[in-house]
Amino acid sequence: MFITESKKTNTYFDSIPDDLFAAIEDLKKELNAVILVHYYQEADIQDIADFLGDSLGLSQQAATTDADVIVFAGVHFMAETAKILNPNKLVLLPDLDAGCSMADGCPAEEFAAFKAAHPDHLVVCYVNCSAAVKAMSDIICTSSNAVKIVNQIPEDQPIIFAPDKNLGRYVSEQTGRDLVLWDGSCMVHEIFSEKKIVQLKMEHPQAEFIAHPECEEQVLRHANFIGSTKALFEYSKQSAAEKFIIGTEPGILYQMEKQIPEKQFIAAPATGNCACNECPHMRLNTLEKLYLAMKNRGPEITLPEEIRVAALKPLQRMLEMSA
Ligand code: 13P
Ligand code: SF4
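How each quantity is defined
- Residues numbered from 1 in each chain as written.
- Chains lettered and ligands numbered in written order.
- Predicted model: local features only at pLDDT ≥ 70, side-chain atom pairs only at ≥ 80, totals over all residues.
- Heavy atoms only, no water.
- Helix = DSSP H or I, 4+ residues; strand = E, 2+ residues; numbered from the N terminus.
- Rg over C-alpha atoms; globule rule 2.2 N^0.38 Å.
- Contact = heavy atoms within 4.5 Å.
- Areas by Shrake-Rupley, 256 points an atom, 1.4 Å probe, with all protein chains shown as cover.
- Lys, Arg positive; Asp, Glu negative; His and termini not counted.
- Charge placed at Lys NZ, Arg CZ, Asp CG, Glu CD.
- Phe/Tyr/Trp six-rings, centres within 6.5 Å; stacked < 30°, edge-to-face > 60°.
- Buried < 20%, exposed > 50% of the residue type's maximum accessible area, 1.4 Å probe, protein only.
- Salt bridge = Lys/Arg side-chain N within 4 Å of Asp/Glu carboxyl O.
- Near = heavy atom within 4 Å.
- 1 Å grid on protein atoms, 1.4 Å probe; cavity = no way out; pocket = protein on both sides within 12 Å on 5 of 7 lines; lining within 4 Å.
- Sits in = over half its atoms within 2 Å of the grid points.
- Nonpolar A, V, L, I, M, F, W, Y, C, P; charged D, E, K, R; others polar.
- Pairing = 2+ DSSP bridges.
- Axes fitted to C-alpha atoms, helices over the stretch in contact; angles between N-to-C directions.
- Points joined across faces, edges and corners; volume = space filled by probe spheres on them.
- Parallel < 35°, antiparallel > 145°, perpendicular 65-115°, else oblique.
- Left-handed = near helix turned anticlockwise from the far one by under 90°.

Draft legend 1. View of the overall build of the chain. A tally of regular secondary structure across the chain gives 16 helices and twelve strands. What you see for the chain is a C-alpha radius of gyration of 20 Å, in line with the 20 Å of a compact globule of 323 residues. Here the C-alpha coordinates of the chain stretch approximately 60 × 55 × 40 Å along the principal axes. Relative to all contacts within the chain whose residues are 6 or more apart in sequence, the contacts with residues 24 or more apart total 64%. Of the roughly 14,300 Å² of accessible surface on the chain, 51% is carried by carbon and sulfur atoms. Once the 28 positive and 46 negative side-chain charges of the chain are each reduced to a mean point, those two points are 1 Å apart.

Take a look at the structure:
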């Protein structure tokens, strides 16, 4: 038994080349592939990205790429979005288990009942949801365009906003609109400790606290700036401040430190003594798994065609409304 297990392990490692970066480059040419990477991925994966961005930027890239294969280093709903936009391309996700607690917290059947209870409402869904929920939506949004999109909806039109109640509350404050919110949230952004952030701000009085709108209200009220991952990155680049406390998944700190080395970045602390503000789903992807996915042409994202077609409409509306 022991020998079999150890052989298995060796076989796995034997199939991983020593120079993974070069091997991935070769496969990219062979497949005519593009590698799309979210800021929450580990550093090595960020380094091999053809495009690194937030959910909106990644959707825009997926909508316009002429590659034959999309390698998506992010979570399932992001790769699924790429597949909705590109039914004829092969879309690879290094680890199919890379899900999202927020998307999982909004099952399609329960959402159908919620929608049915508000028949005159327009449904605006955050992109962090399954294709089946997208298929029941009127417009998709991301954290970078949610305010802009809600502002374009006629004022007398009632709106359901799902699945993130924290982003929904933030959008409601910014637009002055009453939104009917689905009771969902992100396990990563919920874990930040208001008390520890306030302490940290006192220890670093020159630092600006900048945070993602998925954070809870009591955390966001201490923020000097609120925005999507891309907006946080851009803000820290152009702000006169030299030190920042970052209230989002810490993967983005790698890019901030790499591209803005003259400034200092501190990850906002979580309530426990753990690294629990790292997204456990995003971090399932590794460079090795990404290489193997390209080599094996799988795991790939597949979707029932009727769901894909229904989900495409609200996604296209988002792309039009955020242009
Ligand atoms: P962005 O819109 O900033 O990419 O956010 C994605 C996400 O999952 C945040 O948890
Ligand atoms: Fe989902 Fe939160 Fe992870 Fe983003 S950070 S993918 S919302 S669990």
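Moving on, there is more to tell.
Draft legend 2. Region of the structure containing the packing of aromatic side chains. Throughout the structure, instances matching the rule amount to six aromatic pairs. Ring centres of F111 and F114 lie 6.1 Å apart, and the angle between their planes is 35°; this geometry places the pair in the tilted category. Of this pair, F111 and F114 are both found in helix 7 (residues 108–116), three residues apart, which corresponds to roughly one turn of the helix. In this structure F114 comes out as buried when scored by relative accessible area, which is 19%. Taken together, the ring pairs connect F111, F114 and W182 into an aromatic cluster.

Draft legend 3. Here's a closer look at the pattern of salt bridges. All chains considered together, the criterion is met by twelve salt bridges. Between D50 and K28 there is a salt bridge, with the nearest N and O atoms lying 2.7 Å from each other. Here D50 is found in the loop between helix 3 (43–47) and strand 2 (51–53), whereas its partner K28 is found in helix 2 (residues 20–31), with 22 residues between them in sequence. By relative accessible area, which is 13% here, K28 ends up buried. Salt bridges sharing common partners tie together E25, K28 and D50.

Draft legend 4. Region of the structure containing the site of ligand 2. Around ligand 2, the neighbouring residues are Y40, V75, C100, S101, N128, C186, V188, E214, C279 and H281. Spatially, ligand 2 is embedded in the largest cavity. Of the residues in the shell around ligand 2, the class split is six nonpolar, three polar and one charged.

Draft legend 5. Inspection of the sheet that holds strand 8 (residues 179–181) at higher detail. Reading across the sheet, the four strands line up as 6-5-7-8 and stay open at both edges, with parallel pairing between neighbours. With one partner strand each, in any of the chains shown, strand 6 (139–141) and strand 8 form the two edges of the open sheet. Pairs of neighbouring strands in the sheet enclose a mean axial angle of 30°, with direction left out of account. Here four bridges tie strand 5 (residues 122–126) to strand 7 (residues 159–162), and the two strands are oriented parallel to one another.

Draft legend 6. Structural context of the pairing of strand 9 (residues 208–211). Side chains of strand 9 alternate between two faces, with E208 and I210 and F209 and A211 buried alike. The sheet contact formed by strand 9 and strand 11 (residues 243–247) spans four bridges and is parallel. Residue I210 lies in a different strand from strand 11, and its bridge partner there is I246. For strand 9 and strand 10 (residues 225–226), the ladder comprises two bridges, and the chain directions are parallel. Across the sheet, residue I210 finds its bridge partner in strand 10, namely F225.

Draft legend 7. Up close: empty space enclosed by the protein. Under the defined criterion, the tally for this structure stands at one cavity of 30 Å³ or more. Surrounding the largest cavity, 27 residues form its lining, Y40, N128, H189, E214 and M282 being those nearest its centre. Those elements that place two or more of their residues in the lining of the largest cavity are helix 5 (76–85) and helix 6 (101–104). Its residues placed into classes, the lining of the largest cavity shows twelve nonpolar, twelve polar and three charged.

Draft legend 8. Up close: the packing of helix 13 (residues 229–238) against helix 14 (residues 251–259). The interhelical angle for the contact between helix 13 and helix 14, taken along N-to-C directions, is 25°, at an axis separation of 11 Å. With respect to their mutual orientation, helix 13 and helix 14 come out roughly parallel. Considering how the two elements wind past one another, helix 13 and helix 14 form a crossing that is right-handed. Across the interface between the two elements, T229, L232, F233 and S236 from helix 13 touch I252, Q255, M256 and Q259 from helix 14.

Without other data, these values stay purely geometric and don't point to any function.
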